[in-house]
Amino acid sequence: MTAVPPAGASFHGVTDWHAIDWESANHTVRRLQARIVKATKEESWGKVKALQRLLTHSFSGKALAVRRVTENQGKNTPGVDQIIWNTPHKKINAIYSLRQRDYHPQPLRRIYIPKKNGKKRPLGIPVMKCRSMQALYLLALDPVAETLADPNSYGFRPGRSTADAIEQCFNVLGKQASPQWILEGDIKGCFDAISHAWLLTHIPMEKAMLKKWLTAGYMEQHILYPTEAGTPQGGIISGSPSCRGKLGKTEERACPSLNLIENKPTSQWKDKRCCYSIA
């Protein structure tokens, strides 16, 4: 069987998943992302918006988004529709199904995972199409977010790890005149309570799409619940807006003189009472 793009979709002549030129797709997306970074640095927000739209409507962006959700650890975990994209035919058709104008996200599937303190953390599992749309828009959001983000935040950041946070801890705290006491803070229920209005005002992406995800609701035991505040944990893009919000704005206004370092350091820092963590 061959994939047939829907009417109105941009047809690139690719009807076989294995025939996609991934090197070319990566090059196209990275070139657009580099242009978005340049426009962000120049504060040319109209150009940023135009380039983001170009990326999210491109075949290359859609192909990379579908590949991400069909090759990660959650590729066999379905949403409320119990559908997974586990064949080349389903994957190539998925690319052509990613259209913005008639897209309506389905509710998340609510599950719970255990936390270290014995409590349970709620996770919202989107359907495959919603995951792909989120991955697609994250390709356009990340260049802006990474350009504007706090240089010393490490959670939900591409190309950053706990080791980078430990290195920054050493650079800041390993001097003779370094502080001996570091504040440890925790934002209670940050994901659950963050304001939708604030996110829609400050997150540099298409507002209509972001609003659809924020208000999609979730299903638990066959009952649909609305989402009037907060962002779900479990989606591809969910960490990015809330993390940018809490690290880029909230703490900066509250404690402008602190050099915030995210991620819990190893025990060697705790022994020296030199740690800052945020959750």
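Preceding this paragraph is the structure being described.
The structure displayed is predicted, hence computed values, not measured ones.

Rules used throughout
Residues numbered from 1 in each chain as written. Predicted model: local features only at pLDDT ≥ 70, side-chain atom pairs only at ≥ 80, totals over all residues. Heavy atoms only, no water. Helix = DSSP H or I, 4+ residues; strand = E, 2+ residues; numbered from the N terminus. Pairing = 2+ DSSP bridges. Axes fitted to C-alpha atoms, helices over the stretch in contact; angles between N-to-C directions. Phe/Tyr/Trp six-rings, centres within 6.5 Å; stacked < 30°, edge-to-face > 60°. Buried < 20%, exposed > 50% of the residue type's maximum accessible area, 1.4 Å probe, protein only. Lys NZ or Arg CZ within 6 Å of the ring centre and 35° of its normal. Core = buried A, V, L, I, M, F, W, Y, C linked by side-chain atoms within 4.5 Å. Contact = heavy atoms within 4.5 Å. Expected span 1.5 Å × (residues − 1). Arc of directions from axis to C-beta. Polar contact = N/O pair within 3.5 Å; in protein donor to acceptor, adjacent residues only side chain to side chain. Parallel < 35°, antiparallel > 145°, perpendicular 65-115°, else oblique. Left-handed = near helix turned anticlockwise from the far one by under 90°. Nonpolar A, V, L, I, M, F, W, Y, C, P; charged D, E, K, R; others polar.

Colleague: Before we move on, can you summarise unusual backbone geometry with the specific residues and values?
Modeller: Positive phi outside glycine occurs at E43, with the angle close to 60 degrees. Inspection of the secondary structure puts E43 in the loop between α1 (22-41) and α2 (45-56). In this structure, Q82 is a non-glycine residue whose phi angle is positive, near 60 degrees. Relative to the assigned elements, Q82 resides in the loop between α3 (59-71) and α4 (88-97).

Colleague: Break down the pairing of strand β1 (residues 108-114) for me, with residues and values.
Modeller: With two bridges joining them, β1 and strand β3 (residues 218-220) adopt parallel strand pairing. In the sheet register, R109 faces β3, and the bridge partner there is M219. Bridge count for β1 against strand β2 (residues 120-125) is six bridges, and the pairing is antiparallel. When the sheet's bridge partners are listed, Y112 is paired in β2 with P122. The antiparallel pairing of β1 with β2 creates a hairpin that spans five residues between the two strands, and G118 there sits at a positive phi of about 95 degrees.

Colleague: Tell me about the sheet that holds β2, residues and numbers included.
Modeller: The strands making up a sheet are joined through hydrogen bonds of the backbone, oriented either antiparallel or parallel. Spatially, β2-β1-β3-β4 is the arrangement adopted by the four strands of the open sheet, whose pairing is mixed. Looking at which strands have only one partner, the edges of the open sheet turn out to be β2 and β4 (223-225). Strand-to-strand, the axes of this sheet are offset by a mean angle of 40 degrees, without reference to chain direction.

Colleague: Which residues make up the packing of aromatic side chains, and what values do they have?
Modeller: For the coordinates displayed, the defined rule picks out four aromatic pairs. Each ring, one from Y137 and one from W213, has its centre 5.8 Å from the other, and the planes form 85 degrees; the classification is edge-to-face. Placement of the pair is Y137 in helix α5 (residues 128-148) and W213 in helix α9 (residues 207-214), with a sequence separation of 76 residues. Comparing Y137 with W213, the two get one shared label, buried. The ring of W22 carries R67 above its face, with NZ or CZ at 4.3 Å from the centroid.

Colleague: Quick one: what's the story with the nonpolar core, residue by residue and with numbers?
Modeller: In this structure, I20, I95, Y137, M205 and W213 are the most contacted members of the largest nonpolar core, which totals 47 residues. For this core, the secondary-structure elements that each account for two or more residues are α1, α2, α3, α4, α5, α8 (196-202) and α9. Per element, the largest residue contribution to this core is 10 residues, and it comes from α5. Leave out the neighbours within four places in its chain, and W213 touches Y103, P105, M133, Q134, Y137, M205 and I237.

Colleague: Quick rundown of α1? Include the residues and the values.
Modeller: Look at α1: 28 Å from first C-alpha to last across 20 residues, which is about the 28 Å you get at 1.5 Å a residue. Those residues of α1 that sit buried are W22, A25, V29, L32, Q33, I36, A39 and T40. All buried residues of α1 fall inside an arc of 120 degrees around its axis, so they share one side. Of the exposed residues in α1, those oriented more than 90 degrees away from the buried face are E23, H27, R30 and K41. Here the buried face of α1 lies against α2, α3 and α5. For α1, the side-chain oxygen to backbone nitrogen distance between the N-cap and E23 is 3.3 Å, and the N-cap itself is D21. After α1 finishes, the residue E43 shows a positive phi value of roughly 60 degrees.

Colleague: Requested: an account of the packing of α3 against α4, with residues and values cited.
Modeller: Interhelical geometry of α3 versus α4 gives an angle of 135 degrees and a closest axis separation of 9 Å. One way to sum up the angle between α3 and α4 is to call them oblique. Of the two possible hands of crossing, α3 and α4 adopt the one that is right-handed. Where α3 abuts α4, its residues F59, K62, A63, V66 and T70 lie against K91, A94, I95 and Y96. Across the contact of α3 with α4, the residue classes tally to six nonpolar, one polar and two charged.

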